[in-house]
Number of protein chains: 4
Amino acid sequence: MNTLGNKLKVTVFGQSHAPAIGCVIDGLPAGFAPDMARVSAFMARRAPGQNAWSTPRKESDAPEVLSGIVDGKTCGAPVAMVIHNSDQHSGDYSGLRRTPRPSHADYAALVKYGDSYDVRGGGQFSGRLTAPLCFAGGLAIQLLEEKGITLAAHIGQIEAVFDDVPDFARIAREDLEALPGKPFPVFSDEAGERMRRAIEAARQERDSVGGMIRCFVLGLPAGVGEPMFGGVENRLAGALFGIPAVRGVSFGTGFAAAGMRGSAHNDPFVMENGAVRTRTNHAGGVLGGITSGMPLVVNVAVKPTPSISRPQDTVDLEAAENAPLTIHGRHDPCIVPRAVPVVEAVTALTILDMLLEH
Amino acid sequence: MNTLGNKLKVTVFGQSHAPAIGCVIDGLPAGFAPDMARVSAFMARRAPGQNAWSTPRKESDAPEVLSGIVDGKTCGAPVAMVIHNSDQHSGDYSGLRRTPRPSHADYAALVKYGDSYDVRGGGQFSGRLTAPLCFAGGLAIQLLEEKGITLAAHIGQIEAVFDDVPDFARIAREDLEALPGKPFPVFSDEAGERMRRAIEAARQERDSVGGMIRCFVLGLPAGVGEPMFGGVENRLAGALFGIPAVRGVSFGTGFAAAGMRGSAHNDPFVMENGAVRTRTNHAGGVLGGITSGMPLVVNVAVKPTPSISRPQDTVDLEAAENAPLTIHGRHDPCIVPRAVPVVEAVTALTILDMLLEH
Amino acid sequence: MNTLGNKLKVTVFGQSHAPAIGCVIDGLPAGFAPDMARVSAFMARRAPGQNAWSTPRKESDAPEVLSGIVDGKTCGAPVAMVIHNSDQHSGDYSGLRRTPRPSHADYAALVKYGDSYDVRGGGQFSGRLTAPLCFAGGLAIQLLEEKGITLAAHIGQIEAVFDDVPDFARIAREDLEALPGKPFPVFSDEAGERMRRAIEAARQERDSVGGMIRCFVLGLPAGVGEPMFGGVENRLAGALFGIPAVRGVSFGTGFAAAGMRGSAHNDPFVMENGAVRTRTNHAGGVLGGITSGMPLVVNVAVKPTPSISRPQDTVDLEAAENAPLTIHGRHDPCIVPRAVPVVEAVTALTILDMLLEH
Amino acid sequence: MNTLGNKLKVTVFGQSHAPAIGCVIDGLPAGFAPDMARVSAFMARRAPGQNAWSTPRKESDAPEVLSGIVDGKTCGAPVAMVIHNSDQHSGDYSGLRRTPRPSHADYAALVKYGDSYDVRGGGQFSGRLTAPLCFAGGLAIQLLEEKGITLAAHIGQIEAVFDDVPDFARIAREDLEALPGKPFPVFSDEAGERMRRAIEAARQERDSVGGMIRCFVLGLPAGVGEPMFGGVENRLAGALFGIPAVRGVSFGTGFAAAGMRGSAHNDPFVMENGAVRTRTNHAGGVLGGITSGMPLVVNVAVKPTPSISRPQDTVDLEAAENAPLTIHGRHDPCIVPRAVPVVEAVTALTILDMLLEH
């Protein structure tokens with residue numbers, strides 16, 4: 001349900017307008033001294049209100065650690081963290097129980113939970129719940145680095161604009177390391193500029209746009225993952241679909257493989273400096289669920305923000321009739337940039353979990 | 001690992017050249033009287049050697065039930081089933097331990113399991129292991145039907161040929177019911193004919209082609225699924241990536257959502273005959289991980305068969321040097337048609353599991 | 001690890017001297033309106049400092065609900081609760097890292113977690129961590145009551161003093177309902193008085209005593225539980241051993257069955273008012289892991305408090321030599337009375353979980 | 001349900017009178033070459049018909065390995081094993097659906113599964129299902145030995161006869177190693193002789209007797225186990241109650257701790273040859289769920305065989321009235337001797353699983 005992982009378990013709690021949101025992280029190795037400033041910086045990449053293409057709402061996302069860290073080091077007990085909610089305008093959402101917002105979880109949740117469902121701000125389905133995931137993921141990324149593993153994501157697509165796609169078989173560690181520092185994490189800053197313009201155009205037209213995030217993991221040893229339902233793809237996809245608005249997950253060449261011939265898609269093995277590698281990496285680093293030692297490449301499709309300020313059609317559940325809907329308030333015309341660290345966080349948590357099980 | 005599900009658990013075992021393959025199905029409701037002829041017919045759709053576009057190997061896939069069914073009815077104990085292997089030519093695979101086949105699991109498995117890994121016929125990673133899944137899925141589909149749920153898949157794409165895409169909001173039950181009876185399950189038989197030609201062309205060029213399978217589930221009530229990591233997408237993707245050669249999983253409009261505007265992608269709610277529905281169904285029947293009551297639509301990308309008879313490049317692991325490889329024997333130039341019932345089986349098992357937990 | 005349950009999951013966090021302890025409860029049905037005054041009263045039974053036989057330490061156990069309850073009702077989101085720690089004297093525990101206390105978890109935890117282990121006040125192994133369990137259990141007991149199920153425990157034994165044992169086949173609901181209101185929950189108040197004297201005698205001799213708690217569940221339908229490893233006994237024992245100081249768990253006649261003949265231990269079936277019952281209930285309400293419809297009876301052995309103020313022998317881990325140890329501070333000479341609601345809580349959570357899965 | 005373990009999973013299937021029983025073992029390390037003759041010898045200790053105190057029924061328990069072992073070594077794929085049933089007299093059990101046997105699972109199972117429940121020979125609740133557990137446990141014991149761990153159990157009690165209890169802090173490896181070779185595994189052969197007489201006396205009086213099995217594990221490192229619900233006790237108890245007829249599980253001094261003072265029960269730490277040990281071992285090798293490095297001691301109470309040939313009282317479920325019952329056929333007057341290897345098997349599987357997770 002709200003818990004991710006086997007040996008490293010992250011349990012997320014809270015609703016958009018509850019007193020707090022947070023998480024409990026069970027299974028971190030004892031003696032780990034996280035750099036909390038880096039965790040905060042990581043979380044800040046997800047926070048709203050920072051630039052033109054994100055909502056002007058301000059969230060005070062200062063995480064308060066309640067347990068599990070003593071004198072700056074993990075002690076083996078679960079790490080519990082809370083973020084107190086403050087900037088809430090519950091009044092904005094009063095009608096949602098009657099007129100569910102198209103392509104939000106409101107309606108499905110009302111059917112599932114009944115009248116008691118907390119509809120304010122999207123309740124437990126709010127994107128705000130990804131803040132605790134980023135806290136946990138910010139820790140996981142540091143633990144992966146200690147194992148020589150680099151993990152970063154770029155924005156692969158915004159609407160019709162695509163970033164440069166690197167050669168999956170030869171991804172430079174420096175290029176990955178540069179991504180998180182960019183306000184708009186892309187390989188081609190020119191493509192990034194066009195992406196920003198696409199977002200701004202949608203915003204001006206009171207609309208929103210979707211996109212695609214591609215996450216890379218360098219330095220994973222070969223042989224990680226279990227066969228069949230315990231594969232790297234199973235575990236990552238099972239986790240990544242927990243991020244709101246994700247509509248698809250693929251690996252390496254992904255859905256494009258459907259249009260290819262085997263002679264083009266197969267990755268020939270080659271010896272390089274005494275190591276077995278593949279000349280291409282359409283597989284995205286996973287064969288039969290198990291890592292091949294090549295860079296892991298996972299693609300995540302993100303739908304356009306469903307909250308748009310244009311008038312929309314919906315139903316009045318009480319009157320049982322069609323009804324118009326206008327969503328007020330400010331919303332991101334595109335959540336893809338803020339979703340980048342969330343994809344990194346969930347990927348990092350899942351990979352670390354698999355390494356701890358290995 | 002090799003177990004799927006929570007309340008309905010399917011554990012698969014076997015290797016391509018082991019004495020047998022099979023599965024144990026725990027959690028089927030007692031008193032269920034499956035139509036075994038239909039299960040066999042379902043399994044036959046996956047079996048090889050049946051037509052021009054599949055390998056001429058013959059498998060005797062006759063399932064032998066060892067437990068859990070008494071006088072034709074489930075008794076509450078786990079249903080164990082075995083299929084004895086017979087038509088094996090172990091000699092064909094002798095060199096694979098030295099020269100792993102590109103884009104197969106051989107290499108990753110050799111790293112993971114060491115010299116003891118059973119490389120013959122792809123070992124535990126062989127597509128043959130999907131036969132037990134089809135047995136289990138064939139039972140699950142009948143149980144879903146008893147609940148008024150129809151589940152069927154079509155071939156959405158083979159290489160550059162696409163089947164007609166139905167309106168996801170208005171899928172006719174009859175159209176779905178017609179699919180499993182077709183030798184080539186497509187809505188447009190003309191597209192199917194072109195797909196067959198694409199497969200045949202690849203075969204003649206000693207190559208292979210990939211494709212895409214789209215599975216539909218009609219009749220699911222709204223409100224099924226859990227939030228965050230327990231959503232319908234998480235569960236289905238976590239299961240479907242267990243099928244060999246699957247490279248991507250998406251829902252509804254899937255990766256195309258990345259290129260859309262919110263105004264186009266949002267699904268407006270409408271009242272129809274007293275029921276809440278959506279006018280379009282880009283969501284593919286799932287909102288926030290929970291079913292909306294609309295048809296469930298899941299897309300599965302399948303890579304081209306990695307076994308092609310053209311010469312390929314690989315490495316000689318013993319000599320630690322590059323080496324040429326020619327794969328002998330007959331292999332499907334396209335596994336997509338045989339993968340259709342496997343996708344149906346895994347989808348059915350996962351959906352039934354979620355309904356039993358509901 | 002620190003999570004209990006399948007469909008109803010309780011994750012506990014905190015250490016004795018962390019800023020806070022608490023829990024996250026995932027899977028409570030939506031729309032449940034708990035009586036929080038009763039939850040507090042339930043938790044108060046576990047709290048220290050209330051009477052002569054418990055430690056004079058005061059804990060402010062006021063639970064703060066952070067999420068999952070809106071307008072007094074569960075909304076479907078996880079219920080997160082924290083208790084802030086205040087009355088800590090961290091100085092008391094400074095030497096424990098060198099000289100582990102006999103029969104405490106200190107030593108095992110130091111080996112497991114290394115120097116980073118939070119040894120203060122028993123860290124994450126402190127009995128204080130049972131306070132969140134009581135919060136969660138207090139909710140579960142109310143949900144069980146809504147299903148017509150009564151659950152209560154008595155102190156069956158303190159050192160050499162035994163409470164009256166009721167006829168397991170004919171436990172009166174009123175007798176059970178009276179137990180939680182008693183400061184010393186026993187059927188025979190005279191036995192309770194002797195138990196109190198045994199505890200006081202141990203206290204005066206700077207020693208401690210153990211005991212046994214027996215928990216009853218009335219109103220469970222027959223047929224609950226899964227075979228083999230999913231039985232009621234498996235689930236309850238797997239949970240109850242999570243309570244600190246528990247050394248044994250048995251059902252019905254328990255270990256005494258080892259000394260009995262079948263003719264005496266077998267429970268004959270009888271018809272009573274049209275219902276199938278058993279004349280005796282040595283089974284304690286469970287046959288083959290599945291409830292029989294008779295009262296559930298589970299016995300829990302609790303060891304004497306390991307913290308005693310007499311001088312003890314231990315080792316100095318740093319000097320690698322034997323060393324004397326005197327434990328200062330005040331500790332319960334018997335934790336059994338305070339453990340009664342904890343046993344009730346864990347039993348209630350497990351039974352409710354199994355009913356939600358049923 | 002019918003699956004035990006996390007990283008090492010054993011799934012058991014079959015009913016007493018199904019075509020076969022068996023198990024699937026997932027997670028065994030690859031490259032392990034089991035001594036199958038020893039596994040057979042281990043299973044033979046459980047098999048019936050071998051001596052005066054067990055039923056004269058003969059079972060052909062020859063295990064057939066279907067997968068996972070190639071050329072005598074595990075290959076990483078799940079090991080599937082079946083035992084074909086042959087010596088069945090289904091006619092013996094025809095009335096059981098109407099008149100459930102006291103203290104058997106028949107009635108509870110009929111309520112749970114309805115008319116479809118396979119009542120023949122106890123169905124899936126038959127003690128025969130422990131044969132596959134012994135196969136799996138026989139493998140696990142060998143893997144533990146490779147890690148320097150010795151595991152063996154003695155019969156601690158039969159009715160009123162008790163075996164000698166060793167000093168839990170100083171158990172000799174040779175004494176343990178001698179146990180499995182004895183037809184009646186006790187430390188005191190004189191006590192064993194009296195136990196045999198107690199069993200024979202019960203048999204002659206058409207009755208049965210219960211007993212207690214105590215299992216020891218030597219050589220476990222300190223620090224194994226997880227806190228709270230992931231402790232060694234939780235895991236072992238959660239597994240051992242899966243053995244039919246088990247009524248209680250305790251550790252070290254167990255329920256006797258309830259009658260002790262802390263000054264007597266506490267285990268003082270001492271340095272011995274540079275290693276930390278405890279002078280006594282009332283804890284049975286576990287503190288706070290985590291191993292202390294001392295011998296692990298677990299006690300398992302087994303009820304008297306419920307099948308006795310004396311007339312008993314039960315109900316006629318069809319007529320809804322009381323009815324007499326006489327159980328025909330031959331049954332063990334005491335199942336404790338045959339349960340010893342089962343307790344060893346389940347303990348070995350659980351400990352190995354925890355070590356693989358460690």
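Owing to the predicted nature of the structure, the values given are computational and were not obtained by experimental measurement.

### Digging into the interface of chain B and chain D
- With 38 residues of chain B at the interface, the matching set in chain D holds 38 residues.
- Carbon and sulfur atoms make up 65% of the area that chain B and chain D hide from each other, which totals about 2700 Å².
- If you sort the residues of chain B by the area they bury against chain D, Met1, Leu66 and Ser116 of chain B come out on top, with a joint share of 21%.
- Across the contact surface, chain B and chain D share zero salt bridges.

### Thoughts on the packing of aromatic side chains
- Inspection of every chain in the model, using the stated rule, returns 26 aromatic pairs over all chains.
- On the basis of an interplanar angle of 50° and a centroid distance of 5.3 Å, the ring pair of Phe255 of chain C and Phe255 of chain D is categorised as tilted. Here the residue Phe255 of chain C occupies a position in the loop between strand E11 (246-251) and helix H7 (262-265), and Phe255 of chain D occupies one in the loop between strand E11 (246-251) and helix H7 (262-265), the pair thus bridging two chains.
- Sitting over the ring of Phe184 of chain A, Arg196 of chain A keeps its end group 5.1 Å from the ring centre.

### Focus: the pairing of strand E2 (residues 9-14) of chain C
Residues and elements named next belong to chain C.
- Summarising burial for E2: five of the six residues are buried, a large majority.
- Counting the residues that bridge the hairpin from strand E1 (residues 3-4) to E2 gives four residues, and of these Gly5 lies at a positive phi of roughly 105°.
- Looking at chain direction, E2 and strand E3 (residues 20-26) are connected through six bridges and run antiparallel. The residue of E3 that forms the bridge with Lys9 is Asp26.
- Counting the residues in the hairpin turn of E2 and E3 gives five residues.

### So, the relation of the copies chain A and chain B
- With an axial shift of 0.0 Å and an RMSD of 0.0 Å, the rotation relating chain A to chain B amounts to 180°. Seen this way, the second copy is the image of the first under a two-fold rotation axis. Among all residues of chain A, the one whose C-alpha sits closest to the rotation axis is Gly238 of chain A, at a distance of 2.2 Å.
- Both copies present the same face, since 99% of the interface residues in chain A are matched by interface residues at the equivalent positions in chain B.

### Considering the relation of the copies chain B and chain D
- The transform that puts chain B on chain D rotates by 180° and translates by 0.0 Å along the axis, for an RMSD of 0.0 Å.
- Both copies share a contact surface, since 100% of the interface residues of chain B are interface residues in chain D too.

### Here's the deal with the confidence of the model for chain A
- Of all residues in chain A, 94% attain a pLDDT of 70 or more, and the chain-wide mean is 94.
- Reported confidence for the predicted complex is 0.96 by ipTM and 0.96 by pTM.

### Some points on the pattern of salt bridges
- Applying the stated criterion across every chain yields a total of 92 salt bridges over all chains.
- Residue Glu200 of chain A pairs with Arg203 of chain A through a salt bridge whose shortest N-O separation is 2.6 Å. Of this pair, Glu200 of chain A and Arg203 of chain A both sit in helix H5 (residues 189-204), three residues apart, roughly one helical turn.
- Taking relative accessible area as the criterion, Arg203 of chain A reaches 38% and is therefore assigned partly exposed.
- Across the salt bridge formed by Asp353 of chain D and Arg235 of chain D, the nearest N and O atoms sit 2.7 Å from each other. Placement of Asp353 of chain D in helix H8 (residues 336-357) and of Arg235 of chain D in helix H6 (residues 232-240) is noted, with a sequence separation of 118 residues between them.

### Here we look at the interface of chain A and chain B
- Opposite the 98 residues of chain A that make contact, chain B presents 97 residues.
- At the boundary of chain A with chain B, total buried surface from both sides reaches about 7700 Å², with 61% on carbon and sulfur atoms.
- Broken down residue by residue, the surface that chain A buries against chain B is led by Phe229, Arg247 and Arg261 of chain A, which jointly contribute 12%.
- Inspection of the region where chain A meets chain B yields twelve salt bridges.
- When the shortest N-O distance is used, the salt bridge between Lys112 of chain B and Glu226 of chain A registers 3.1 Å.
- Class assignment for the residues of the side of chain A that touches chain B results in 49 nonpolar, 34 polar and 15 charged.

The rules behind each value
- Residues numbered from 1 in each chain as written.
- Chains lettered and ligands numbered in written order.
- Predicted model: local features only at pLDDT ≥ 70, side-chain atom pairs only at ≥ 80, totals over all residues.
- Heavy atoms only, no water.
- Contact = heavy atoms within 4.5 Å.
- Buried area = accessible area lost by both parts, 1.4 Å probe.
- Salt bridge = Lys/Arg side-chain N within 4 Å of Asp/Glu carboxyl O.
- Phe/Tyr/Trp six-rings, centres within 6.5 Å; stacked < 30°, edge-to-face > 60°.
- Helix = DSSP H or I, 4+ residues; strand = E, 2+ residues; numbered from the N terminus.
- Lys NZ or Arg CZ within 6 Å of the ring centre and 35° of its normal.
- Buried < 20%, exposed > 50% of the residue type's maximum accessible area, 1.4 Å probe, protein only.
- Pairing = 2+ DSSP bridges.
- Least-squares fit on C-alpha atoms with pLDDT ≥ 70 in both.
- pLDDT = per-residue confidence, 0-100.
- Nonpolar A, V, L, I, M, F, W, Y, C, P; charged D, E, K, R; others polar.

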